[in-house]
Amino acid sequence: MNLYLRYFDKETLVSNVEEAIDFLKSINEIVMDPVLETDIREYVASDVFYPKRYKVRPRVYFIIIKTEAATMQDFKEKKAVRTRGEEVAPKERTNTTAMMKLNEELPGWYEGTLDFKRVLMVPGTGKFQYRDTHFVAQVKASSPLDCYNRIVEHLRSRVDERSQFPSPKGKNFKYRYLGAAKS
């Protein structure tokens, strides 16, 4: 894995993070502090393959791109470009999408956690405001999506109709399979 770095017309292709940091230190406009150096090291060590840009001053950035190209010419001719299908996925992620996991039929007990915006009246003023609300319930359901739907159905009948519920695909709904239901 090589790294391509560019700041205006200054560019290089290096083979490790030390060479990248040395290149950036050689540019007077870039202040290499410990926070920036740590962030660059973390980016290089991560499984992320999208380009990363760092702000030097307002509207001025330098970029770092991870590449398989062995030479600058190969990089410029895009000979080592990863296509979307070739990107390395994290170990815990499979090819299934979030909706496929949510729709997967697995009857039993689930623990569903939902963070939503609940409308509450402020007693002193009589005005209404949104409050972040955390709700956890154990539900007998046929799938994670069924668990989500049962929790939302339960809450809709008990909170103000203006309350806002998150998408089941988002980070504000989590579930855990507790086990099969006894017959």
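In this text, all values refer to a predicted model and were calculated from it rather than measured experimentally.

The rules behind the values
- Residues numbered from 1 in each chain as written.
- Predicted model: local features only at pLDDT ≥ 70, side-chain atom pairs only at ≥ 80, totals over all residues.
- Heavy atoms only, no water.
- Pairing = 2+ DSSP bridges.
- Helix = DSSP H or I, 4+ residues; strand = E, 2+ residues; numbered from the N terminus.
- Axes fitted to C-alpha atoms, helices over the stretch in contact; angles between N-to-C directions.
- Contact = heavy atoms within 4.5 Å.
- Polar contact = N/O pair within 3.5 Å; in protein donor to acceptor, adjacent residues only side chain to side chain.
- Expected span 1.5 Å × (residues − 1).
- Buried < 20%, exposed > 50% of the residue type's maximum accessible area, 1.4 Å probe, protein only.
- Salt bridge = Lys/Arg side-chain N within 4 Å of Asp/Glu carboxyl O.
- Phe/Tyr/Trp six-rings, centres within 6.5 Å; stacked < 30°, edge-to-face > 60°.
- Lys NZ or Arg CZ within 6 Å of the ring centre and 35° of its normal.

1. As for the pairing of strand S3 (residues 52-57)
Moving on, step 1. Strand direction decides the pairing type here: S3 and strand S4 (residues 60-67), joined by five bridges, are antiparallel. Looking across to S4, one finds that Tyr-54 is bridged to Phe-62.
Moving on, step 2. Between S3 and S4, which follow one another and run antiparallel, lie two residues, and Arg-59 among them has a positive phi close to 65 degrees.

2. Considerations on the sheet that holds strand S5 (residues 108-121)
Moving on, step 1. As summarised here, the arrangement of the three strands in space is S6-S5-S7, forming an open sheet in which the pairing is antiparallel. At either margin of the open sheet sits one strand with a lone partner, and together these are strand S6 (128-141) and strand S7 (173-179). Looking at each pair of strands side by side, their axes are set apart by 20 degrees on average, direction ignored.
Moving on, step 2. Taken strand by strand, helix H5 (residues 144-156) contacts S5, S6 and S7, and its axis lies near 130 degrees from that of S6.

3. Observations regarding the side chain of Ser-163
Moving on, step 1. You can see Ser-163 is positioned in the loop between H5 and S7.
Moving on, step 2. Engagement of the side chain of Ser-163 in a polar contact is seen with the backbone nitrogen of Val-119, the distance being 3.1 Å.
Moving on, step 3. A polar contact is formed between the side chain of Ser-163 and the backbone oxygen of Asp-160, at a distance of 3.0 Å.
Moving on, step 4. Those residues in contact with Ser-163 that sit more than four places away from it in its chain are Lys-117, Arg-118 and Val-119.

4. Section: H5
Moving on, step 1. With 13 residues, H5 should reach 18 Å at 1.5 Å per residue; the first-to-last C-alpha distance of 18 Å fits that figure.
Moving on, step 2. All of the buried residues along H5 are Pro-144, Leu-145, Asp-146, Cys-147, Tyr-148, Ile-151, Val-152 and Leu-155.
Moving on, step 3. Buried residues belonging to H5 abut helix H4 (98-103), S5, S6 and S7.

5. A word on the pattern of salt bridges
Moving on, step 1. Inspection of every chain in the model, using the stated rule, returns eight salt bridges.
Moving on, step 2. Linking Lys-52 and Asp-39 is a salt bridge whose minimum nitrogen-to-oxygen distance equals 3.5 Å. With a gap of 13 residues between them, Lys-52 in strand S3 and Asp-39 in helix H2 (residues 34-45) connect regions that are remote in the sequence.
Moving on, step 3. Under the relative-accessibility criterion, Asp-39 is labelled partly exposed at 27%.
Moving on, step 4. Arg-150 is the partner of Asp-146 in a salt bridge, and the nearest nitrogen-oxygen pair spans 3.1 Å.

6. Focus: the packing of aromatic side chains
Moving on, step 1. Applying the stated rule across the entire model yields eight aromatic pairs.
Moving on, step 2. Pairing Tyr-110 with Tyr-175 gives two aromatic rings, centres 6.3 Å apart and planes at 65 degrees, and the pair type is edge-to-face. With Tyr-110 in strand S5 and Tyr-175 in strand S7, this residue pair connects regions lying 65 residues apart in the sequence.
Moving on, step 3. Overall, the relative accessible area of 34% leaves Tyr-175 in the partly exposed class.
Moving on, step 4. By the ring-pair criterion, three or more aromatic residues cluster together here, those being Tyr-110, Tyr-148, Phe-173, Tyr-175 and Tyr-177.
Moving on, step 5. A cation over an aromatic ring shows up here: Lys-66 above the ring of Tyr-43, its NZ or CZ 4.8 Å from the ring centre.
Moving on, step 6. One residue, Arg-162, lies across the ring of Phe-128, its end atom 4.4 Å from the ring centre.

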